[in-house]
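Each chain, written out:
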Amino acid sequence: MNKVPNGFPEGFLWGGAIAACQAEGAYDADGRGLSTSDLAVYSKNLDRKGTGKEGGGTLAEVKALIADTESYFPKRFGIDFYHTYKEDLALMQELGLRAFRTSISWSRIFPQGDEEEPCEAGLAFYDRLIDEIIADGMVPVITMAHYDIPVHLVTEYGGFANREVIRFFCRYARVLLERYGDRVPYWIVFNQVNLIPTVNFGSLGLVDDQAENMEELMYRAVHHQMVAAAQVRQMAKQIAPTTKIGTMMADGTFYPATCRPRDVVLTMQKNRMQYFFTDVQLRGAYPGYALRYFAERGYDLDILPEDEILLRDNTMEFLGISYYNSKIVDSDVNTIAAFDGSQNPNLEPTPWEWRVDPLGFYNSISQYWDRYEVPIMIAENGFGALDTVEEDGSIHDDYRIDFLRRHIEQLRECVMDGVDVLAYLSWGPIDIVSSSTGEMSKRYGYVYVDRDDFGRGSQKRLKKDSFAWYQHVIETNGADLG
């Protein structure tokens, strides 16, 4: 009889995760083109509780943003990781990280997205970055597309709604696999492939007036992304057979608001429409409930017979999950629409109305494992907060330690249940620009970056109390959570 694990396995990949579009900056260096993230404007009047959609607009509005020389676009500058990566990775090495997740900016490699040949200066930067990650003792986990679509592919092609963009993406992915496949053991093809419609612009390259039925267009664009991911998996078998290709979900597992049957059934239906993305990519076929959903609405997803064969034969090898909070479904107020949920009154909110739910972490991971039994990577988990620097330079973030401790405790419960967890990559081990609001004030890191919401500050890096705490967690392989 197999023994029940009593903790995390030896060599478990404790790590951290960032994204190029939120950290690198240097948006116009070495031939890089504009990406979708570069058009996110920061507003000091933002509503932290009402950021339901990230960036974008109508085609005219997007073109106006491209021409805008007055507004502040924080993701164009990030934390200047493009120039500070060596010093920042040295801090990650001191922290003890065993893995480091970041992304490659598509527009650094193909500035317009449709060029025949890549930009060598961009490739050379990622040569240096990946080599540095490895030299500092960390396993590189690389995301191919993390809200960094070349803007030209949006304005001229319509983003992933256009099947032609699959070809451009796969050309880009082939370059990455050929260049870095022997050094990168884990690739996530698309960040949070299911996070729609929240990031329709950044992830899919869709503008708000692109079609009369935006939901249909959205699911068609997602289908094209899943076809592209299957092609990447097919290429990797030949180019880099030892590397692993995975998909990634933003967890959207709901609870029913009550035990009323209509709440329970609507919750089940909504959860299935979240599983739809992984059902296709991990099981290799469109499930019946999704086919019915699309058929009853008359949606044409541009599914070709050859797509179905490709998806069947090239399923993903692991599942990445981002987890931050949970919501409930009340059938009186919520619908089947993606991510349409209500706040759980039994959970504590953050200033951004993200309700903290460690048990939900255990629940969602368990559901994914029971459904697929493929290795799971915690690709993101963290606590965004308003940190205060004391006069002596110290930062006491016990609230972050408490959040992480409670979530890691539940992850350990999953491991003890037999879940094959590859890694725990906490989001933002160093402060970066917020994806949802464009703030620097929303901080996740163990390392504080002295930079405000308009990019002002000394740029100094300061260790928070959580730095020593996570360092100890890694040293004890999660046995002592403090």
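For the structure, see preceding data.
Residues numbered from 1 in each chain as written. Predicted model: local features only at pLDDT ≥ 70, side-chain atom pairs only at ≥ 80, totals over all residues. Heavy atoms only, no water.

### Concerning the nonpolar core
Core analysis: the largest hydrophobic core is formed by 154 residues, its most contacted members being Phe-169 and Tyr-470. In terms of residue count, the dominant contributor to this core is helix H9 (residues 214–239) (14 residues). The contact partners of Phe-169, leaving out residues within four places of it in the chain, are Trp-106, Met-144, Ala-145, Phe-160, Val-189, Phe-190, Ala-228 and Val-232. (Core = buried A, V, L, I, M, F, W, Y, C linked by side-chain atoms within 4.5 Å. Buried < 20%, exposed > 50% of the residue type's maximum accessible area, 1.4 Å probe, protein only. Helix = DSSP H or I, 4+ residues; strand = E, 2+ residues; numbered from the N terminus. Contact = heavy atoms within 4.5 Å.)

### Observations concerning the environment of Asp-453
Structurally, Asp-453 is set in the loop between strand E11 (447–449) and strand E12 (461–463). Between the C-alpha atom of Asp-453 and that of Lys-44, which follows or precedes it by 409 residues, the distance is 8.2 Å. Setting aside residues up to four positions removed in sequence, Asp-453 forms contacts with Tyr-42, Tyr-72, Glu-439, Met-440 and Ser-441. Within the local environment of Asp-453, its side chain forms a polar contact with the backbone nitrogen of Met-440, the two atoms lying 2.7 Å apart. There is a polar contact of 2.7 Å between the side chain of Asp-453 and the side chain of Ser-441. (Polar contact = N/O pair within 3.5 Å; in protein donor to acceptor, adjacent residues only side chain to side chain.)

### So, H9
Compared with the 38 Å implied by 1.5 Å per residue over 26 residues, the 37 Å span of H9 between its first and last C-alpha is a close match. Judged by how many residues are buried, H9 sits mostly within the fold: 19 of 26 residues are covered. Between the side-chain oxygen of the N-cap and the backbone nitrogen of Glu-215 there are 3.2 Å, and the N-cap of H9 in question is Asn-213. (Expected span 1.5 Å × (residues − 1).)

### Side note on a negative patch on the surface
The grouping of Asp-370, Glu-373, Glu-413 and Asp-417 at the surface amounts to a negative patch. Note that Glu-373 resides in the loop between helix H13 (358–372) and strand E9 (376–381). Accessibility expressed as a relative area gives 57% for Glu-373, which makes it exposed. (Patch = residues over 30% accessible without salt bridge, like charges linked within 9 Å, V, L, I, M, F, W, Y side chains within 5 Å. Areas by Shrake-Rupley, 256 points an atom, 1.4 Å probe, with all protein chains shown as cover. Salt bridge = Lys/Arg side-chain N within 4 Å of Asp/Glu carboxyl O. Lys, Arg positive; Asp, Glu negative; His and termini not counted. Charge placed at Lys NZ, Arg CZ, Asp CG, Glu CD.)

### Notes on the pairing of strand E1 (residues 13–17)
Within E1, 5 of the 5 residues are buried, leaving the element largely enclosed by the surrounding structure. The alternating pattern of E1 places Leu-13, Gly-15 and Ala-17 on one face and Trp-14 and Gly-16 on the opposite face, and all of these are buried. In terms of strand pairing, E1 meets strand E10 (residues 421–427) through 5 bridges, oriented parallel. Bridge pairing links Gly-15 to Leu-425 in E10. Of the pairings in the sheet, the one linking E1 to strand E2 (residues 99–103) comprises 3 bridges and is parallel in character. For Gly-16, the partnering residue across the bridge sits in E2 and is Phe-100. (Pairing = 2+ DSSP bridges.)

### Re the packing of aromatic side chains
What describes a pair of aromatic rings is the distance from one ring centre to the other and the angle between the planes of the rings. Scanning the model with the defined rule gives 40 aromatic pairs in all. With a centroid separation of 4.7 Å and an interplanar angle of 65°, the aromatic rings of Phe-8 and Trp-14 are classed as edge-to-face. The residues Phe-8 and Trp-14 share a single accessibility class, namely buried. Seen from their ring centres, Tyr-324 and Trp-354 are 5.3 Å apart, and the 65° between their planes marks the pair as edge-to-face. (Phe/Tyr/Trp six-rings, centres within 6.5 Å; stacked < 30°, edge-to-face > 60°.)

### Examining the pairing of strand E4 (residues 186–190)
In terms of burial, E4 is a largely internal element, 5 of the 5 residues being buried. Here strand E3 (residues 139–145) pairs with E4 via 4 bridges, running parallel. The residue of E4 that forms the bridge with Thr-143 is Ile-188.

### Quick word on the packing of H9 against helix H12 (residues 305–313)
Their axes nearest at 9 Å, the elements H9 and H12 cross at an angle of 55°. When the interaxial angle is binned, H9 and H12 end up oblique. H12 is crossed by H9, and the crossing has left-handed handedness. Counting all contacts with H9, which are made through His-223, Met-226, Val-227, Ala-230, Gln-231, Gln-234 and Lys-237, the residues of H12 involved are Asp-307, Leu-310, Leu-311 and Asp-313. Grouping the amino acids of the contact of H9 with H12 by side-chain chemistry returns 5 nonpolar, 3 polar and 3 charged. (Axes fitted to C-alpha atoms, helices over the stretch in contact; angles between N-to-C directions. Parallel < 35°, antiparallel > 145°, perpendicular 65-115°, else oblique. Left-handed = near helix turned anticlockwise from the far one by under 90°. Nonpolar A, V, L, I, M, F, W, Y, C, P; charged D, E, K, R; others polar.)

### Some words on the pattern of salt bridges
Tallying each qualifying case throughout the model produces 36 salt bridges. A salt bridge links Glu-116 to Arg-171, with the nearest nitrogen and oxygen atoms 3.6 Å apart. Residue Glu-116 is located in the loop between helix H4 (106–109) and helix H5 (120–135), and its partner Arg-171 is located in helix H7 (residues 164–180); the two are separated by 55 residues in the primary sequence. Residue class for Arg-171 comes out buried when judged on its relative accessible area of 18%. Between Asp-302 and Arg-163 there is a salt bridge; the shortest N-O distance is 2.8 Å. In this pair, Asp-302 sits in the loop between helix H11 (288–296) and H12 while Arg-163 sits in the loop between helix H6 (151–157) and H7, placing the two residues 139 residues apart along the sequence. Among the ionic contacts, a cluster of salt bridges with common partners joins Glu-120, Asp-127, Asp-131, Arg-179, Asp-182 and Arg-183.

Nothing here speaks to function; it is all geometry.
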